[in-house]
Amino acid sequence: MPDASTLVTQTDPRALVRELEGKHLIDGALVPAASGKTFDVVNPATLQVIGQTADGDAEDVARAVEAAAAAQKAWAETPARERGKLIAECGRLLEQHKEELARLVALETGKALRTESRVEAGVLADAFVFYGGLASELKGESIPFNPKMLTVTSREPIGVVGAIIPWNVPMMLMAFKIAPALVAGNAVVVKSAEEAPYAVLRVCQIMNQVLPKGLFNLLSGFGPDCGQPLVAHPKVGKVTFTGSVEAGKAVYRTAAEKLIPVTLELGGKSPMIVMADADLDKAVAGAAAGMRFTRQGQSCTASSRIYVHRSLRDAFVEKLKAKVDDLVMGDPLDEATDIGTIVSQQQFERVKSYIAQGKAEGGTAHLCSQVPADEALSRGYYVQPVIFTDLPADSRLITEEIFGPVACVVAFDDYEEVIAAANDSVYGLAATVWTRDLKTALNATKRLEAGFVQVNQNLVVLPNLSYGGVKQSGLGKEASLEAMLEHFTHKKTIIFNME
Ligand code: NAI
Ligand code: MG
């Protein structure tokens, strides 16, 4: 195993960008796009160009997939526990590089360092350590099919996995895909999000010290030009995608032509139900955390539809506003900052248009916190968190994923009415219910149509919790042992005739 300390940690994110800019990682080397093309990456807090990134296309995809296919053969022959040890070693190295990774992701995405980016870097390292330890769980079964035949199953790698990731938690979401895929004996080609190419490239550079070259490759580029050829490549045997419903469907359609398995983690509009007997302060804290106000609401599990019993509604809104008022908006890299910026102009415009629509529909917008006064940040994509009340029941703000710091609070009177409203959504990713009554809690967990339901708390996703939605929130599960076995291997049935 190479010396773990060969890559010097670099906590100035701008210096790291200079080292990584304009590059893919293909076959163990940082290389430019075959076309030589690049595009700009912008710091959303200042609108200054941070650097360039490689603009990948089908030719880069072909080079990366060939490298992966070549490396995968020897990797699949490596004993599973050896593979697991190397993945866990990546986790330990990533832990050492946690601070620089956190700074880099804060610079490119606008996510505050203290409240978000460091947390993400920690989960990233943990996911590698977690999956490294699961290598010997790649077990099959023996089946009592016929006493004269020995019948067993084995878990086989798929081959080359294509992974397409978004920008909101790019390192963590990449880890949830590549750590289990690699431990299971696959090779991987990742396409990063246009807005956030650097932190994930640094992660790959760090892993590159430990793992065989070509085993994982990272391409930077746009969805249609680089993501689609990755899905379409004949040697890619599985695709895992996180992003919008629209792009997820485009990925699924392309994969259908090849009949390959696909995992999709798409959006959500997750309901939070606060019953009349709920502990109000705990529910308010859960709403502030669950709405991911510190990540500008840019979370697929954000509790963005908050149904509060009418008797508590006004007190709830007042307390939630006070809590969010206490959060400081500012420079993402400043330790004092709780809330940074929206990731891009596209998302900024999108979020602002929803807020304008909510006001036009007669909704009451309770604006929270303050945009930073600092002149250098005056052009940044800062959006004041907003709690909407009094929206019409069919408002797009209540039905569509906004992916911004916009919480919709809806008053309800009756339990049956609120369960029906919560389930009246094209999405089904997560849900929470807040009550002191055990029967209500159990009934709600049973009836809420979501992949992840919590009672009296609002925790984030962790590597050992199976995660994934129903309806248009996606297909399949990520994280946990189940995801590795079900989504990154295929089961082979083997029969020996002993006569
Ligand atoms: P997007 O779905 O367009 O981008 C996510 C990833 O998919 C990026 O790597 C992108 O390059 C790739 N992609 C885009 N079109 C593709 C295509 N046709 N084929 C293959 N890959 C493609 O999401 P975007 O535009 O950044 O955000 C739009 C909305 O999507 C957000 O407002 C939010 O509602 C949702 N979203 C959900 C996420 C989640 O965690 N589930 C993450 C990011 C966005
Ligand atoms: Mg898009």
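Peer 1: I'd like a rundown of the overall build of the chain, residues and numbers included.
Peer 2: The helix and strand tally for the chain stands at 16 helices and 22 strands. Judged by the C-alpha coordinates and their principal axes, the chain covers about 70 × 60 × 40 Å.

Peer 1: Please set out helix H11 (residues 313-325) residue by residue, giving values where relevant.
Peer 2: Every α-helical turn comprises 3.6 residues, leaving residues that sit three or four positions apart pointing alike. The first and last C-alpha atoms of H11 sit 18 Å apart over 13 residues, in line with the 18 Å expected at 1.5 Å per residue. Residues of H11 that are buried include every one of Phe316, Val317, Leu320 and Val324, and no others. For H11, the arc enclosing every buried residue in end-on projection is 95°, short of the 170-degree limit, so these residues lie on one face. Projecting away from the buried face of H11 at angles above 90 degrees are the exposed residues Ala315 and Ala322. Tucked inside the fold, the buried residues of H11 contact strand E12 (271-274), helix H10 (280-290), strand E13 (305-309), strand E14 (364-367), strand E15 (386-389) and strand E16 (406-412).

Peer 1: Please provide a residue-by-residue account of the packing of helix H3 (residues 80-96) against helix H6 (residues 170-183), values included.
Peer 2: Running from amino to carboxyl end, H3 crosses H6 at an angle of 155°, the nearest separation of the two axes being 9 Å. Classified by the angle between their axes, H3 and H6 sit roughly antiparallel to one another. Side by side, H3 and H6 meet where Arg83, Gly84 and Ile87 of the first sit next to Ala179, Leu182 and Val183 of the second.

Peer 1: Go over the site of ligand 1 with me, naming the residues and quoting the values.
Peer 2: Taken together, 26 residues lie near ligand 1, and Pro166, Gly223, Gly227, Gly243 and Ser244 sit nearest. With four residues, the single largest contributor to the shell around ligand 1 is helix H8 (residues 223-232). Here the residues of the shell around ligand 1 sort into 12 nonpolar, nine polar and five charged.

Peer 1: Requested: an account of unusual backbone geometry, with residues and values cited.
Peer 2: With a phi angle near 55°, glutamine 296 is a residue other than glycine that sits in the positive phi range. For glutamine 296, the location among the structural elements is in the loop between H10 and E13. Since 33 C-beta atoms lie within 10 Å of it, glutamine 296 is described here as buried.

Peer 1: Help me get a handle on the pairing of strand E19 (residues 452-455), residues and values and all.
Peer 2: Across four bridges, strand E18 (residues 430-434) lies against E19 in parallel orientation. Following the sheet pairing, valine 433 is matched in E19 by valine 455. For the segment spanning E18, helix H15 (residues 438-447) and E19, crossover handedness is right-handed.

Peer 1: Break down helix H1 (residues 13-20) for me, with residues and values.
Peer 2: The complete set of buried residues in H1 reads Pro13, Leu16, Val17 and Leu20. For H1, the arc enclosing every buried residue in end-on projection is 105°, short of the 170-degree limit, so these residues lie on one face. Away from its buried face by more than 90 degrees, H1 exposes Ala15 and Arg18. Contacts made by the buried residues of H1 are with strand E2 (29-31), strand E4 (49-54), helix H4 (98-109) and helix H7 (198-207). Phi turns positive, to about 75°, at glycine 22, one or two residues after H1.

Peer 1: Account for the pairing of strand E8 (residues 187-191), with residues named and values stated.
Peer 2: In the case of a regular strand, side chains alternate between the two sheet surfaces. Within E8, five of the five residues are buried, leaving the element largely enclosed by the surrounding structure. Taking every second residue as pointing to the same face, both faces of E8 are buried, with Ala187, Val189 and Lys191 on one and Val188 and Val190 on the other. Bridge count for strand E7 (residues 160-164) against E8 is five bridges, and the pairing is parallel. Bridge pairing in E8 links glycine 162 to valine 189. Read as a crossover between parallel neighbours, the route from E7 over H6 to E8 is right-handed. Two strands pair when backbone bridges link them, and E8 and strand E9 (residues 216-219) are joined in this way by four bridges, in the parallel orientation. In the strand pairing of E9, valine 188 is matched with phenylalanine 216.

Peer 1: Describe the domain arrangement of the chain, naming the residues involved and giving the relevant values.
Peer 2: Domain boundaries assigned for the chain yield domain 1 (13-266) and domain 2 (271-463). The distance between the C-alpha centroids of domain 1 and domain 2 comes to 30 Å. Opposite the 22 residues of domain 1 that make contact, domain 2 presents 23 residues. Elements with a contribution of two residues or more to the side of domain 1 that touches domain 2: H4 and helix H5 (113-132). Element by element, the count of residues in the side of domain 1 that touches domain 2 is highest for H5, at seven residues. For the side of domain 1 that touches domain 2, a count of residues per class yields 10 nonpolar, five polar and seven charged.

Peer 1: Quick one: what's the story with the sheet that holds strand E6 (residues 149-157), residue by residue and with numbers?
Peer 2: Read across the open sheet, the three strands follow the order E5-E6-E22; overall the sheet is antiparallel. Sheet topology places strand E5 (142-146) and strand E22 (489-497) at the edges, where each strand pairs with a single neighbour. Sheet twist, expressed as the mean angle between neighbouring strand axes with direction ignored, is 30°. Alignment of E6 against E22, held across nine bridges, turns out to be antiparallel. Directly across from glutamate 156, in E22, lies its bridge partner histidine 490.

Criteria and cut-off values
Residues numbered from 1 in each chain as written. Chains lettered and ligands numbered in written order. Predicted model: local features only at pLDDT ≥ 70, side-chain atom pairs only at ≥ 80, totals over all residues. Helix = DSSP H or I, 4+ residues; strand = E, 2+ residues; numbered from the N terminus. Expected span 1.5 Å × (residues − 1). Buried ≥ 20, exposed ≤ 12 C-beta atoms within 10 Å, placed from the backbone. Arc of directions from axis to C-beta. Contact = placed C-beta atoms within 7 Å. Axes fitted to C-alpha atoms, helices over the stretch in contact; angles between N-to-C directions. Parallel < 35°, antiparallel > 145°, perpendicular 65-115°, else oblique. Near = placed C-beta within 6 Å. Nonpolar A, V, L, I, M, F, W, Y, C, P; charged D, E, K, R; others polar. Pairing = 2+ DSSP bridges. Right-handed = clockwise from strand over helix to strand, strands pointing away. Domains from an automatic or database assignment.

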